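Residues per chain, in single letters:
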Amino acid sequence: MTQSTRSRSVPDPSAPRKRPKNRKAQIALVAAEAFSERGYHAVGVDDIAARLGISGPALYRHFPNKYALFVQAALGTVGSLRAAAEGAVEAEADSDPERRLDAIVRALLTTTIENRTTGGLYRWEGRYLQPDDRALMRADFAALNATLTAPLLEMRPELTASDTGAIAASTLSVIGSITAHRATLANRRVEKLLHRAAWAVLRCDLGAAAPAQTTIDDPASGGLSVTSKRELLLTEAMKIFDRRGYHESSIEEIGAAAGINASSVYRHFPSKADLLAAAFYRAADRLAVATQSALGSTTDPAEALERLTSAYIDLAFAHPDVIAVYFAEIGNLPATERTSLRNVQRLHIEEWVNLLTAVHPERQQAEARFLVHAALGQTLDVGRQMRFDTGAQARGRMQKLMLTVLHS
């Protein structure tokens, strides 16, 4: 080999490295994955830079600060869904409404599966966006929702506004459910499974939903108020963690909401992390009691499944903050508590999976697990659209959507 040949084949280490043309998009993607996996506050700029193999200053050439990077990542996840839906409509502009609706569902599924590791960002971390940026995200969601409901109403003109909203929210929840868990299944099977579930929801007759029978007492319906300072702190902490997020909440704020000064809070909980862990265990206990009650009241699996969905809805609608924190804030627990509570969550899911496969023995457990996650996510996503109305009619509609997904 001649010297001239070697100089052409071996890069000169002293030559300046060329930056990829899509470096900014690469940074936003890696940031979205990190924020979704660990939460906005737990991730630093240097963490993101290290994943990319660049320095912090190099990252700052593209984004002035971590928040700017967060905005780009968060809005990008929602924007990709909106673009996918609008692109599907454009491609099927001359088709009938059912075909257009199917194109939207398939496009959203493809986009969500491709971006599964970043989807948790808009589902949970969007709370940390500043008001103007949060408004932009909501505008994108509104546009996405409108794109979905237009062909739905053409296909089903008999739907009321309330039913249309619930069905659209349920469909998007089914599609987005894979971003909230890490169960494994081949992408092709996931797409087929959730496509069928989404269409079961789109065809669901909510007008035929029977009013739900309550399974647990609602503490808000009356009775004596809790006077225990510890219980008051747990109750107020859940509300504040849900509204503001764990990192934006303070012991002083929680104490004030419970009528206790900050120093007195520490008599009950050594730290904010201990308060969060106690709140998690309380939520896990409530779910365990509701599950045990539903399963122990009948020997028929189908009836038990109906009772279990009803119990879960009762709990979620009466205490939406409890359920939201239970799923959104687990990453902020101390490592030992996080491992223990993840095991508790997993065992709770497996109770549902075992019951669903008892009702549908032809369903493989891996697929049943995806359907269970999709059904449980409904209570928050559709519940928000229903404003967590605890009336029997609203809970009956919610139960019908959950069972529609489970039996799809």
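Refer to the structure presented above.
Below is a summary of the structure that appears in this document. (Residues numbered from 1 in each chain as written. Predicted model: local features only at pLDDT ≥ 70, side-chain atom pairs only at ≥ 80, totals over all residues. Heavy atoms only, no water.)

**Notes on the overall build of the protein chain**
And then number 1: Along the backbone of the protein chain there are 19 helices and zero strands.
And then number 2: Computed over C-alpha atoms, the radius of gyration of the protein chain comes to 24 Å, within 12% of the 22 Å expected from 2.2 N^0.38 for 408 residues, which places it in the range of a compact globule.
And then number 3: For the protein chain, the C-alpha atoms occupy an extent of roughly 85 × 65 × 40 Å along the three principal directions.
And then number 4: Of all 408 residues assigned to the protein chain, the portion counted as buried reaches 50%. (Helix = DSSP H or I, 4+ residues; strand = E, 2+ residues; numbered from the N terminus. Rg over C-alpha atoms; globule rule 2.2 N^0.38 Å. Buried < 20%, exposed > 50% of the residue type's maximum accessible area, 1.4 Å probe, protein only.)

**Remarks on helix 11 (residues 229-244)**
And then number 1: Taking 1.5 Å as the rise per residue, helix 11 with 16 residues should run 22 Å; its terminal C-alpha atoms sit 22 Å apart, in good agreement.
And then number 2: Those residues of helix 11 that are buried lie in contact with helix 12 (251-257), helix 13 (262-268), helix 14 (272-296) and helix 16 (320-328).
And then number 3: A positive phi of about 90° marks glycine 245, the residue just after helix 11. (Expected span 1.5 Å × (residues − 1). Contact = heavy atoms within 4.5 Å.)

**Focus on the environment of arginine 369**
And then number 1: Secondary-structure assignment places arginine 369 in helix 18 (residues 365-385).
And then number 2: Taking the C-alpha atoms as reference points, arginine 369 and valine 353, separated by 16 residues in sequence, lie 5.6 Å from one another.
And then number 3: If sequence neighbours within four positions are ignored, arginine 369 has contacts with Ala183, Ile349, Glu350 and Val353.

**Brief notes about the pattern of salt bridges**
And then number 1: Overall, the coordinates contain 18 salt bridges when judged by the stated rule.
And then number 2: The salt bridge partner of arginine 397 is aspartate 163, with a shortest N-O separation of 2.8 Å. Remark: aspartate 163 occurs in helix 9 (residues 161-176) and arginine 397 occurs in helix 19 (residues 392-406); sequence separation between them is 234 residues.
And then number 3: For aspartate 163, a relative accessible area of 11% puts it in the buried group. (Salt bridge = Lys/Arg side-chain N within 4 Å of Asp/Glu carboxyl O.)

**Considerations on the nonpolar core**
And then number 1: Counting residues in hydrophobic clusters, the biggest one holds 126 residues, and the most contacted among them are Phe35, Ile48 and Trp352.
And then number 2: Take this core: its biggest share by element is 12 residues, from helix 5 (residues 66-91).
And then number 3: Every residue in contact with isoleucine 48, bar those within four places of it in the chain, is listed here: Ile27, Val30, Ala31, Phe35, Val43, Leu59 and Leu69. (Core = buried A, V, L, I, M, F, W, Y, C linked by side-chain atoms within 4.5 Å.)

**Quick look at the packing of helix 9 against helix 19**
Relative orientation and spacing of two packed helices are given, respectively, by the angle between their axes and the distance between those axes.
And then number 1: Direction vectors running N to C along helix 9 and helix 19 enclose 35°, while the axes themselves pass 11 Å from each other. Of the two possible hands of crossing, helix 9 and helix 19 adopt the one that is right-handed. Facing helix 9, whose interface residues are Ser162, Asp163, Ala166, Ser170 and Val174, helix 19 presents Arg397, Leu401 and Val405.
And then number 2: Considered class by class, the residues forming the contact of helix 9 with helix 19 number four nonpolar, two polar and two charged. (Axes fitted to C-alpha atoms, helices over the stretch in contact; angles between N-to-C directions. Left-handed = near helix turned anticlockwise from the far one by under 90°. Nonpolar A, V, L, I, M, F, W, Y, C, P; charged D, E, K, R; others polar.)

**Looking at the packing of aromatic side chains**
And then number 1: Under the counting rule described, the total for this entry stands at 10 aromatic pairs.
And then number 2: Measuring from ring centre to ring centre gives 5.5 Å for phenylalanine 35 and phenylalanine 70, while their planes differ by 90°; the resulting arrangement is edge-to-face. Within this pair, whereas phenylalanine 35 is found in helix 2 (residues 23-38), its partner phenylalanine 70 is found in helix 5, the two being separated by 35 residues in sequence. We note that phenylalanine 35, like phenylalanine 70, is buried.
And then number 3: Geometry around phenylalanine 63 places lysine 24 over its ring, the cationic atom sitting 5.3 Å from the centre.
And then number 4: Here the basic side chain of lysine 66 rests over the ring of tyrosine 40, its NZ or CZ set 4.4 Å away from the ring centre. (Phe/Tyr/Trp six-rings, centres within 6.5 Å; stacked < 30°, edge-to-face > 60°. Lys NZ or Arg CZ within 6 Å of the ring centre and 35° of its normal.)

**Remarks on the side chain of arginine 116**
And then number 1: Its place among the elements puts arginine 116 in the loop between helix 6 (97-114) and helix 7 (120-124).
And then number 2: Buried charge arginine 116 goes without a salt bridge, the closest partner of opposite sign being glutamate 33 at 12 Å.
And then number 3: For arginine 116, the side chain forms a polar contact with the main-chain oxygen of isoleucine 178, separated by 2.8 Å.
And then number 4: If we skip the residues at most four places from it in the chain, arginine 116 touches Ile178, Thr179, His181, Arg182, Ala183 and Phe370. (Lys, Arg positive; Asp, Glu negative; His and termini not counted. Polar contact = N/O pair within 3.5 Å; in protein donor to acceptor, adjacent residues only side chain to side chain.)

**A word on helix 5**
And then number 1: With 26 residues, helix 5 extends 37 Å from end C-alpha to end C-alpha; this agrees with the ideal 38 Å at 1.5 Å per step.
And then number 2: Helix geometry: helix 5 is bent most strongly at glycine 76, by close to 25°.
And then number 3: Backbone nitrogen of tyrosine 67 and a side-chain oxygen of the N-cap are separated by 3.2 Å at the start of helix 5; the cap is asparagine 65. (Bend = angle between axes of the 7 residues up to and from the residue.)

**Considerations on the environment of valine 89**
And then number 1: On the secondary structure map, valine 89 appears in helix 5.
And then number 2: Note on valine 89: relative accessible area 27%, which makes it partly exposed.
And then number 3: For valine 89, the contacting residues outside a window of four places in its chain are Ile104 and Thr147.

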